[in-house]
Amino acid sequence: MLLALVSTLTAGAVAAPLVTLDRSGAWVAVEAYGPNILHVSIAADKAEALKGPGYGILANHADNSAFRHTPGKDGDVFASKGMSVRINPAPAPRVPSQGEKYFAPSLAPVGLQVKNAMGEQILDMLGWEMSPQTVNGEKTWQVGASFFAPADEHYYGMGQNQESMSALSLRGRILDCKHWYDAPGGESVCVPFMISSKGYAIVWDNPSATRFTAAINGQTRFQSNVGERVSFFVITGSNVQDLYTNYARLTGKTPIPPKAAFGLIQSKARYESQDEVMRVANTYRQKGYPLDIMVVDWFYWTRMGQLDIDPAQYPDPEGMNKKLHDMGMQSIISIWPRFETAGRYFNELDAKGYMLKDKDGKTQDGLPFRSDRTGGLIDSTNPAARKWFFEKARDNILGRGFDYPWLDETEPDLVPTGLFYSVGSGDRYHNLYPLVHVEGFSEQMRAWKPNRRAMVLARAAYLGSQRTGALFWSSDIHSTWEALARQVPTALNMTASGIAYYGSDIGGWQHLPAKSHATKAPLLDPSDARNVVGDYHDYPELFTRWFQFGAFTPTLRLHGSRKENEIWSFGKQAEAVMARFNALRYQLIPYMYSQAKMTYDTGAPFMRPLWMDFSHDPNVANIGTQYMFGPAFLVAPVTEQGQVEKDVYLPAGSDWYDFWTNEKLAGGRWIKAQAPIDRIPVFVKAGSIVPLGAPVQSTATKQAIAQILVYPGKDAEFAFYDDDGLSYDYEKGKNTVIGRLRWNQAEGKLSATGGEKDFAANAAKLVKVIGR
């Protein structure tokens, strides 16, 4: 029965539901966010069904105007040019069977089907659930929904899960979508955005711990631990990029980071003094190795939560940062959200109620069951606490010349299960903290410096976290070959979750094992690095392979718990290889920065799994060991010790060029790619244009285009983009450089338009056609 048809609203306004349907006591609210996004909310209580979307969703982007509603005997149909959804009618009343009296759910059934713009059914919701339970003293429900899982459907995304070492598809897997620092394979992070090979995506709108079951016994299920309704969004599109553009409409655009984010970021756990930071920075310059950012990690303070800088370690932070800036470098400093009881701010925060609390309303001090045994957590669900935290961090730390914050512990480490935030229980909002903590800080950074891009290094994420301007990484992983192998499929599902700027601690974060377990002779000599690697003989090889992988990820950051952690710390042989890849990284900045503009415009990641670019090739559906880096490069990192060749799949529909040798190879087959220690398998798709930048010591120097590589075989186009690398002028289209490079295969010529003065004339002089 149709209860209400609400008039549609104009784009950008907050829309009431298109309709609210009564399905024999199950209330279904339907709301649109443009022609390709429908929000479905189902509850036993009408008021719950009518509540707006949860955290992370941009509610003011609701727009029903593209849809028309057609009620009928076969159900209610909501259709636009982009999709249609039919919600099944309520079943006819009947007498329940004996079995149903005892075992059938008491909820009225709700089902729906989704068709794409071509009228093809792409999603079939089978049912929903609300199971009463008491969680953290609160009477609530476990809520969930189930969907039919076709035999050929694959699923991707759902945040950071580090269980797999090779397989990419989530099909057949059960994921606990929750922030879990201690997950055995490495920290898990919940971004409940699932994208399907059938051309749709689901955004699951519930921040409590959620179980995702992918295609098991013919069903795909979402089940959340706490909730009073089922709430989810269905997104459709004519291609993969459309799905991300619509996801960005729903949860926010990905800003272009400062250009320095694409250069080398140097970190260690930890640099113990200002002198050590400057010694490392000066050595980079003396050796001529490009470097953009130096990082000051934890325990530079006098006490946890003191929000100060120990003058014994860093006597002149302003002077240090000025020297770094004069050298063309910027700085990041770690700022933790935890406050010791003996610190100067604890009593104030406790009195204001600005920290995570236990069931008795007392500030929680550490967690007895973890190694983190001291300190209260700032409650960033409270806007006043967020403001307080930023202002103290600004005045005491960032204001002393540091460029960007590193917000660590954003899961947070003080697990909120059984505890309470200002907005409600930590169980109900288990996955929320990284969004509100990072976004609150980022927004206030922009208010402080309105035309200086905010950038945050962050360890966890949630729906919408991509809009905060953060760089994300895979947390405190082990320094092992196994951990390296896990990074590739982990990164690809995280970027598939809309988190485009992602990387890992090069070399792993944890302390090095005491000895090597290598079964093959190390490919690099460790004898001149014993002070760092000890008896872990193959660690220089591992670090180098990790660095090679990192050179083809959105961010390249060296970090870890080692005596030394710089390019030159692992022996002369390792240093030579890494220096070469670091130089290549800087050559690729014009290419990468142009992809950053694409991500800003479309929401699509530029480090992406093969299925995004080659959906017509069924062989790529489950490949998690290689990926595309922008439209041109196929990268296959080496993740096994002693490996000097690797099986690589070249997708069908294109020829490929070996990046190192320029050999042309046919696609649609596996090859045995050579991988000596000084390179990893990298291939370029035929019909690609790759601009290479001139050598620079950092992005503070304006970088000219030194060469334009053309990989022929098809017509090709490259959208070249540049700007000042620091301001928000690009959001208004100001002070930007946009040029277009086009390769005409039939004529064998490159043409150029737009760009700065002489861009077109110079392009012809810089072109190198591979194979000629």
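Since the model is a prediction, treat every value here as computed from it, not as a measurement.

Helix and strand counts for the chain come out as 15 helices and 44 strands. At 27 Å, the chain has a C-alpha radius of gyration in line with the 28 Å of a compact globule built from 772 residues. Each principal axis of the C-alpha distribution contributes one length, and for the chain these read about 80 × 75 × 55 Å. A buried classification covers 63% of the 772 residues belonging to the chain. Summarising the internal contacts of the chain: among those between residues at least 6 apart in sequence, 70% fall at separations of at least 24. Carbon and sulfur atoms form 51% of the exposed surface of the chain, whose accessible area is close to 28100 Å². Seen as two clouds, the 79 positive and the 80 negative side-chain charges of the chain have centres 3 Å apart.

Moving on, we get to the pairing of strand β12 (residues 174-177). Across the two faces of β12 the burial differs, with L175 and C177 buried and I174 and D176 not buried at all. Bridge count for β12 against strand β15 (residues 210-216) is 4 bridges, and the pairing is antiparallel. Paired with I174 across the strands is T213, a residue of β15.

Mapped onto the secondary structure, S751 falls in strand β43 (residues 749-754). Residue classification places S751 among the partly exposed positions, given a relative accessible area of 39%. The sequence separation of S751 and V635 amounts to 116 residues, and the corresponding C-alpha distance is 28 Å. Sequence-distant contacts of S751, defined by excluding residues within four places in its chain, comprise R740, L741 and R742.

Right, let's get into the sheet that holds strand β32 (residues 627-629). Strand-to-strand pairing in sheets goes through backbone hydrogen bonds, with the strands running parallel or antiparallel. The strand order across the open sheet built from 6 strands is β31-β32-β33-β38-β35-β36, with neighbouring strands paired in antiparallel fashion. This sheet does not close on itself; its edge strands, each paired only once, are β31 (607-608) and β36 (664-666). With 3 bridges joining them, β32 and strand β33 (residues 633-635) adopt antiparallel strand pairing. Pairing of M628 across the sheet is with L634, part of β33.

Counting 202 residues, the largest nonpolar core has I335, F339, F552 and F633 as the members making the most contacts within it. A per-element tally of this core places helix α9 (residues 481-496) first, with 8 residues. Sequence-distant contacts of F633, that is, excluding residues within four places in its chain, are made with L588, Y591, Y627, M628, F659, V682, F683, V684 and V690. With 46 residues, the next largest nonpolar core counts V40, V110, L112 and A214 among its residues.

To continue, consider unusual backbone geometry. Here the amide bond leading from A269 into R270 is cis, since omega sits at 5°, within 30 degrees of zero. Structurally, R270 is set in the loop between β18 (264-266) and α4 (274-287). Here the amide bond leading from E411 into P412 is cis, since omega sits at 5°, within 30 degrees of zero. With respect to the helices and strands, P412 occurs in the loop between β23 (404-407) and β24 (420-421).

Turning our eyes to something else, we now look at helix α12 (residues 572-587). In a regular helix each residue adds 1.5 Å, so 16 residues correspond to 22 Å; α12 covers 23 Å between its end C-alpha atoms and thus fits that length. Of the residues making up α12, those classed as buried are A574, E575, V577, M578, A579, F581, N582, L584, R585 and Y586. In this structure, the buried residues of α12 make contact with β18, α4, α11 (539-550), β30 (556-558), α13 (589-602) and β32.

Glancing now at the sheet that holds strand β9 (residues 121-135). Taking strand neighbours across the sheet as the criterion, the 9 strands line up as β5-β6-β7-β8-β9-β10-β16-β15-β12 in an open arrangement whose pairing is antiparallel. The outermost strands of the open sheet, each flanked by one partner alone, are β5 (68-72) and β12. Neighbour to neighbour, the strand axes of the sheet diverge by 20° on average, direction disregarded. Judged from the 7 bridges that link them, strand β10 (residues 138-148) and strand β16 (residues 219-227) form a sheet pairing that is antiparallel. Counted as the bridge partner of V143 is S224 from β16.

This paragraph deals with the packing of helix α7 (residues 383-396) against helix α8 (residues 433-448). Between α7 and α8, whose axes approach to 10 Å, the crossing angle comes to 55°. Here α8 runs oblique to α7, going by the angle between their axes. Once α7 is placed against α8, the crossing between them reads as right-handed. Facing R386, K387, F389, F390, A393 and R394 of α7, the residues of α8 in contact are V436, H437, G440, F441, Q444, M445 and W448. The residue inventory of the contact of α7 with α8, partitioned by class, reads 7 nonpolar, 3 polar and 3 charged.

Another aspect to go through is the side chain of S727. Structurally, S727 is set in the loop between β41 (716-722) and β42 (737-744). Within the local environment of S727, its side chain forms a polar contact with the backbone nitrogen of D729, the two atoms lying 3.1 Å apart. If sequence neighbours within four positions are ignored, S727 has contacts with N451 and R453.

We now examine the environment of V203. Within the secondary structure layout, V203 lies in strand β14 (residues 200-204). Residue V203 is classed as buried on the basis of its relative accessible area, which comes to 0%. In this structure, the C-alpha to C-alpha distance between V203 and I57, residues 146 residues apart in sequence, is 9.6 Å. Ignoring anything within four residues of it in the chain, the contact list for V203 reads I57, P192, F193, S231, F232, F233, I235, Y247, L250 and L463.

Rules used in this analysis
Residues numbered from 1 in each chain as written. Predicted model: local features only at pLDDT ≥ 70, side-chain atom pairs only at ≥ 80, totals over all residues. Heavy atoms only, no water. Helix = DSSP H or I, 4+ residues; strand = E, 2+ residues; numbered from the N terminus. Rg over C-alpha atoms; globule rule 2.2 N^0.38 Å. Buried < 20%, exposed > 50% of the residue type's maximum accessible area, 1.4 Å probe, protein only. Contact = heavy atoms within 4.5 Å. Areas by Shrake-Rupley, 256 points an atom, 1.4 Å probe, with all protein chains shown as cover. Lys, Arg positive; Asp, Glu negative; His and termini not counted. Charge placed at Lys NZ, Arg CZ, Asp CG, Glu CD. Pairing = 2+ DSSP bridges. Core = buried A, V, L, I, M, F, W, Y, C linked by side-chain atoms within 4.5 Å. Expected span 1.5 Å × (residues − 1). Axes fitted to C-alpha atoms, helices over the stretch in contact; angles between N-to-C directions. Parallel < 35°, antiparallel > 145°, perpendicular 65-115°, else oblique. Left-handed = near helix turned anticlockwise from the far one by under 90°. Nonpolar A, V, L, I, M, F, W, Y, C, P; charged D, E, K, R; others polar. Polar contact = N/O pair within 3.5 Å; in protein donor to acceptor, adjacent residues only side chain to side chain.

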